[in-house]
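Okay, here's what each chain looks like letter by letter:
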Amino acid sequence: MAKALVLIEGSTMGSGLLYVQAARRLGLHPITLTVDPAQYDYLATESAAAIQIDTSDYDALQGVCCRLQLTYEIVGITSALESAYATVGSLCDHFGLPGPNALSINQCCDKFLQREILKEALLPIPAFRLAANAMEIEGAAAEIGFPVILKPAEGSGSCGVQLCRDMDELIEHTNYMLGGTHMWRSSPRILVEEFVQGPHYTALLMGNEVVAIATADFGCPPHFVYREFTCPAPLTYDEHERITELSLSCLQALGLGWGPTAIELRWTERGPIVIEVNPRLSGTPDPQLVKLAYGIDLVAEHIKLAIGDEGDLRKKHSQSSAARFLVPETDGMLESIEGASNAAAVPGVAEVKLYVQSKTPFMRKGDYRDCLGYVLAASPCRSHTAALLQEAIDLIHWSITPFQVVDDQINKVEP
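Before going further, it helps to examine the sheet that holds strand β3 (residues 49-52). Taken in spatial order, the four strands line up as β3-β2-β1-β4 in an open sheet, and their pairing is parallel. Each end of this open sheet is capped by a strand with a single partner; those strands are β3 and β4 (73-78). When strand polarity is set aside, the average angle formed by the axes of neighbouring strands in this sheet is 25°. Of the pairings in the sheet, the one linking strand β1 (residues 3-8) to β4 comprises five bridges and is parallel in character. By the bridge assignment for β4, L5 is matched with G76. On top of the sheet, helix α4 (residues 82-95) reaches β1 and β4; it is set at about 150° to β4, its chief contact.

Right, here's the structure in full:
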């Protein structure tokens, strides 16, 4: 009987493909359960098994897994998607498989509850308030003091997250969040947070071990769209130890410590401040960066945990890896994007990934969807990696024709 790894949903721009590929390398048959198999193009290109099912229906998921057991030996259940990860924990518990604690995952995915727990544990976090309407948002911002960040209490990928530097920006984003444009899973719950400034770091953990610490740069405010990642981050020994210690304290406070965790922090005058604890593996290109830097395959290690196999987090080598995201500055019709093959041929470039094709409309959202793709590079030297990355980026060009804007007042179309 073939050994199957059940994957609950996947990822359109993240690491879903990596899970399918890693499962096969480990001799497993990956089966993706999803609401819509067509949304993951890699399922077709990889000829990967998929079953269409309502993944929000726990009983239905349990039933299909029972039916699969008639044909396969299900050795593990996991997911690359944060919103499905608590369900994964419940299914693993039901079928007697290794997995995350569903209660801990749910607590962590509720950003307000996560902050309440970290605050109770006396861990350093930004000042925050929870709000449900415009009056509460304005009151919270007045208490905390501008600038503040508004974000949904649940969600990922920086969707709905924005810096508000004054009352005008606060009102504008509040209207966006509450006016029907932002999609809520339930009643609106908005976090109003202190804007903590300083270098941004992400601690990538597997179990109770900090495997790597990366640093990230963002585009221009008010949004938080990633522009570049570097792994490992240039840290002193003391800085590395303090981030490691704080990360492990977060795990303990939140009841985590099984499987992958990604903890975002900023280094301030007060030292490291926890911005967010994500109870799952970071999306691409973080796993690739760690593999390039240290030879550790976080996706494969996660799967090994999920099937009860022994992992190996020992570093195989030490390099500097970096990723640059391709982020346009305008909306419009993407007429062309060229040079990816030339960029991929640059020595030291490990991957060039494009999410879009020519002749498609492009609208910036202020989140992870603003990215056209990315370029990865690695070398023994951080400065050399940066130079390789820039050389590759300079070979990629795109052309965007701005959408036409109708001015009703003068009744004409402006280019």
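More follows now that the structure is in view.
Moving on, we get to the nonpolar core. Ranked by size, the top nonpolar core spans 46 residues in total, and within it I8, L33, I77, V274 and V277 carry the most contacts. For this core, the leading source of residues is α4, giving seven residues. Residues within four places of L33 in sequence aside, it is in contact with V6, L7, I8, E9, I51, I53, T55, L61, V64, C65 and L68. V211, V290, I303 and L313 belong to the second-largest nonpolar core, a separate cluster that totals 42 residues.

Here we come to the packing of aromatic side chains. With the rule as written, the count across this model stands at nine aromatic pairs. On the numbers, 4.7 Å between centres and 40° between planes, the contact of Y226 with F229 is tilted. Exposure remark for Y226: the relative accessible area of 22% places this residue in the partly exposed category. Ring plane angle 65° and centroid distance 6.1 Å describe the contact between Y355 and Y374, whose orientation is recorded as edge-to-face. Of this pair, Y355 sits in the loop between β16 (349-354) and β17 (360-362) while Y374 sits in strand β18 (residues 373-379), and the two are 19 residues apart along the sequence. Residue classification places Y355 among the partly exposed residues on the basis of a relative accessible area of 22%. Judged by its relative accessible area of 2%, Y374 is buried. Directly above the aromatic system of Y294 lies the positively charged group of K315, at a separation of 4.1 Å from the ring centroid.

Take the sheet that holds β18 next. Taking strand neighbours across the sheet as the criterion, the eight strands line up as β13-β12-β9-β10-β11-β14-β18-β16 in an open arrangement whose pairing is antiparallel. Each edge of the open sheet is held by one strand with a lone partner, namely β13 (271-278) and β16. Looking at each pair of strands side by side, their axes are set apart by 20° on average, direction ignored.

This brings us to the layout of surface pockets. The space that makes up the second largest pocket amounts to roughly 590 Å³. As for the second largest pocket, its lining consists of 26 residues, of which T12, M13, D41, K353 and Y355 are closest to the centre. Of all elements in the fold, only α1 (16-25), α2 (41-45), β16 and β17 reach the threshold of two or more residues within the lining of the second largest pocket. Here the residues of the lining of the second largest pocket are counted per class, giving 14 nonpolar, eight polar and four charged.

Further remarks concern the pattern of salt bridges. Opposite charge on two side chains permits them to pair, given that their charged atoms come into close proximity. Enumeration according to the criterion identifies 20 salt bridges in this entry. Across the salt bridge formed by R227 and E329, the nearest N and O atoms sit 3.3 Å from each other. Of the two residues, R227 is situated in strand β11 (residues 226-231) and E329 in the loop between β14 (320-326) and β15 (332-338); the sequence distance between them amounts to 102 residues. A salt bridge links E301 to K304, with the shortest nitrogen-to-oxygen separation between them at 3.0 Å. One end of the pair, E301, and the other, K304, are both in helix α11 (residues 298-306), three residues apart, so they sit about a helical turn from each other. Here E301 matches K304 in class, with each residue buried. Within this structure, R115, K151, E193 and E276 form a network of salt bridges that share partners.

Procedures and definitions
- Residues numbered from 1 in each chain as written.
- Predicted model: local features only at pLDDT ≥ 70, side-chain atom pairs only at ≥ 80, totals over all residues.
- Heavy atoms only, no water.
- Pairing = 2+ DSSP bridges.
- Helix = DSSP H or I, 4+ residues; strand = E, 2+ residues; numbered from the N terminus.
- Axes fitted to C-alpha atoms, helices over the stretch in contact; angles between N-to-C directions.
- Contact = heavy atoms within 4.5 Å.
- Core = buried A, V, L, I, M, F, W, Y, C linked by side-chain atoms within 4.5 Å.
- Buried < 20%, exposed > 50% of the residue type's maximum accessible area, 1.4 Å probe, protein only.
- Phe/Tyr/Trp six-rings, centres within 6.5 Å; stacked < 30°, edge-to-face > 60°.
- Lys NZ or Arg CZ within 6 Å of the ring centre and 35° of its normal.
- 1 Å grid on protein atoms, 1.4 Å probe; cavity = no way out; pocket = protein on both sides within 12 Å on 5 of 7 lines; lining within 4 Å.
- Points joined across faces, edges and corners; volume = space filled by probe spheres on them.
- Nonpolar A, V, L, I, M, F, W, Y, C, P; charged D, E, K, R; others polar.
- Salt bridge = Lys/Arg side-chain N within 4 Å of Asp/Glu carboxyl O.

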